[in-house]
Amino acid sequence: MKTYKGRGVVLHTLKYGDSSMVVYLLTDVGGRRSYMVQGVRSRSGRGSKLALFQPMFPVEFEGLESSHQQMHRFREVRTAFSLQSLPFDVRKSTMALFMAEVLYRLVRESEPNEALFDFVWGSVGALDAMQEGVSNFHLWFLAGLSRFLGFCPGNEYMPGAWFDIREGLFTPVQPAHTECMTRECARILRDLMACDVRELDAIGLNRTQRVEFLNAMLVYFGYHLDAVSAVQSVRILREVF
């Protein structure tokens, strides 16, 4: 039995039997990994283990790996840092649910990806600390995530440009096909990719603009990764923001 230490962000949980569950994490040590957690629904475990495994919660753990078992197990697991607002603010918890589901659907690799993990880990802390600009956070997250999934814009923005989703390029002429972002969405994409997360409030978007840009980003992601179409929490985001 091999032991190792790591950090992880909770992406998804699945009930297993009467008192156990499978926890899917994005980890620093091995990309996406699944862990069997036993006794989580017993009376003795209800107060601690279930509370740890909420969407996008950061954990530190000591893992157990065995050649005889398909899933990893925890020798020890605990909260990595205390979340001050994310669990209690319905806007932030809704965004955390969306972020976790997007990562769960799209990230399949069981290999370390330091840059992706650092981005996701930092995003949890940024969302928890944020006071202004919360309504734009999920859009900033998607724009930033495209960098680590391999299809961020391949050229510089020019004023009045459209964005060709097929080619992944800003273009001064509207593409002949329909898979493109409008001039307004292209500008928002540029603004979000260039924006420091602490200054998101400076990007003044109304509800209509947020919904239109979210829809455009889902088309963009869907062109490259079909699995984004299975993300169910999008509907909740549209209602809240």
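Data block above holds the structure.
Numbers given for residues are sequential positions, taken from 1 along each chain in its written order. Predicted model: local features are reported for residues with pLDDT of at least 70 only, side-chain atom pairs are reported and counted for 80 or more only, and whole-chain, interface and lining totals are derived from all residues. The side-chain numbers reported here are obtained from all heavy atoms of the structure, hydrogens and water having been left aside.

Undergrad: Break down helix 2 (residues 90-106) for me, with residues and values.
TA: Comment: elements are numbered from the N terminus, with helices defined as DSSP H or I runs of at least four residues and strands as E runs of at least two. Helix span, as expected, comes to 1.5 Å for every residue beyond the first. Compared with an ideal rise of 1.5 Å per residue, which puts 17 residues at 24 Å, helix 2 spans 24 Å between its outermost C-alpha atoms and is within 8% of the ideal. Only protein chains enter the area calculation, which uses a 1.4 Å probe; residues under 20% of their type maximum are buried, those over 50% are exposed, and those in between are partly exposed. Within the sequence span of helix 2, burial applies to K92, T94, M95, A96, F98, M99, A100, E101, V102, L103, Y104 and L106.

Undergrad: Requested: an account of the state of the cysteines, with residues and values cited.
TA: Here, two cysteine sulfur atoms that lie within 2.5 Å of each other are counted as a disulfide. Scanning all chains against the criterion turns up zero disulfides. Of the cysteine sulfurs around C185, a residue in no disulfide, the closest is that of C180, at 9.7 Å.

Undergrad: I'd like to hear about the packing of helix 3 (residues 114-129) against helix 4 (residues 137-149), residue by residue, with values.
TA: For helices, the axis comes from a line fit to the C-alpha atoms of the stretch in contact; other axes are also lines fit to C-alpha atoms, and the angle between any two N-to-C directions lies between 0 and 180 degrees. Running from N to C, helix 3 and helix 4 point in directions that differ by 170 degrees, and their axes come no closer than 10 Å. Here helix 3 lies roughly antiparallel to helix 4, going by the angle between them. For the pair formed by helix 3 and helix 4, the contact residues are A115, L116, F119, S123, A126 and L127 on the first element and F137, W140, F141, G144, L145 and F148 on the second. All amino acids are sorted into three groups, where Ala, Val, Leu, Ile, Met, Phe, Trp, Tyr, Cys and Pro are nonpolar, Asp, Glu, Lys and Arg are charged, and the leftover types, Gly among them, are polar. Among the residues forming the contact of helix 3 with helix 4, the class breakdown is ten nonpolar, two polar and no charged. For this classification, under 35 degrees means roughly parallel, over 145 means roughly antiparallel, 65 to 115 means roughly perpendicular, and everything else is oblique. A contact between two residues is defined here by any heavy atoms of the two lying within 4.5 Å.

Undergrad: Mind laying out the sheet that holds strand 7 (residues 169-171), listing which residues take part and the relevant values?
TA: Note: two strands are recorded as paired if DSSP finds a minimum of 2 bridges between them. Reading across from one edge, 7-6-8 is the order of the three strands in this open sheet, with antiparallel pairing throughout. Single-partner strands in this sheet number two, and they are strand 7 and strand 8 (180-181). Bridge count between strand 6 (residues 162-164) and strand 8: two bridges; the pairing is antiparallel. Each residue of the ladder has a partner; that of F163, found in strand 8, is M181.

Undergrad: Describe the pattern of salt bridges, with residues and values.
TA: The term salt bridge refers to a pairing of a side-chain nitrogen on Lys or Arg with a carboxyl oxygen on Asp or Glu at a separation within 4 Å. As enumerated under the stated definition, the model contains eleven salt bridges in all. Note that R7 and D28 form a salt bridge whose closest N and O atoms lie 3.5 Å from each other. With a gap of 21 residues between them, R7 in strand 1 (residues 2-16) and D28 in the loop between strand 2 (20-27) and strand 3 (31-37) connect regions that are remote in the sequence. The exposure class of R7 is partly exposed, given its relative accessible area of 27%. The class of D28 is partly exposed, set by a relative accessible area of 26%. A salt bridge links R91 to D89, with the nearest nitrogen and oxygen atoms 3.3 Å apart. When salt bridges with common partners are traced through the structure, they connect E60, E76 and R78 into a single cluster.

Undergrad: How would you sum up the pairing of strand 2? Please name residues and give values.
TA: Summarising burial for strand 2: eight of the eight residues are buried, a large majority. Of the two faces of strand 2, the one lined by S20, V22, Y24 and L26 and the one lined by M21, V23, L25 and T27 are each fully buried. Hairpin connection, strand 1 to strand 2: the antiparallel pair is bridged by three residues, and G17 has positive phi, about 70 degrees. In terms of strand pairing, strand 2 meets strand 3 through seven bridges, oriented antiparallel. Of the residues in strand 3, the one forming a bridge with Y24 is S34. Where strand 2 folds back on strand 3, the antiparallel hairpin that results is connected by three residues.

Undergrad: Which residues make up the nonpolar core, and what values do they have?
TA: F137 and M181 are the most contacted members of the largest nonpolar core, which has 80 residues in total. It is helix 2 that provides the largest number of residues to this core, a total of nine residues. When sequence neighbours within four positions are dropped, the list of residues in contact with M181 reads W162, F163, I165, A186, L189, F213, A216, M217 and Y220. To define a nonpolar core, start from buried Ala, Val, Leu, Ile, Met, Phe, Trp, Tyr and Cys residues and group those joined through side-chain atoms within 4.5 Å.

Undergrad: So what about helix 4? Which residues, and what values?
TA: In this model helix 4 runs 18 Å from its N-terminal to its C-terminal C-alpha over 13 residues, within 8% of the 18 Å that 1.5 Å per residue would give. Counting buried positions along helix 4 gives ten out of 13 residues, so the element sits mostly inside the fold. Along its buried surface, helix 4 packs onto helix 2, helix 3, helix 5 (183-194), helix 6 (207-224) and helix 7 (234-240).

Undergrad: Break down the sheet that holds strand 4 (residues 58-65) for me, with residues and values.
TA: Spatially, the five strands close up into a barrel ordered 1-2-3-5-4, and their pairing is mixed. The sheet shows a mean angle of 50 degrees between the axes of neighbouring strands, direction not considered. Here eight bridges tie strand 1 to strand 4, and the two strands are oriented antiparallel to one another. Paired with V9 across the two strands is P58, which belongs to strand 4. The sheet contacts of helix 2 involve strand 1, strand 2 and strand 3, and relative to strand 1 the element is tilted by about 105 degrees. Along the sheet face, helix 3 touches strand 1, strand 2 and strand 4 and points at about 65 degrees away from the line of strand 1.

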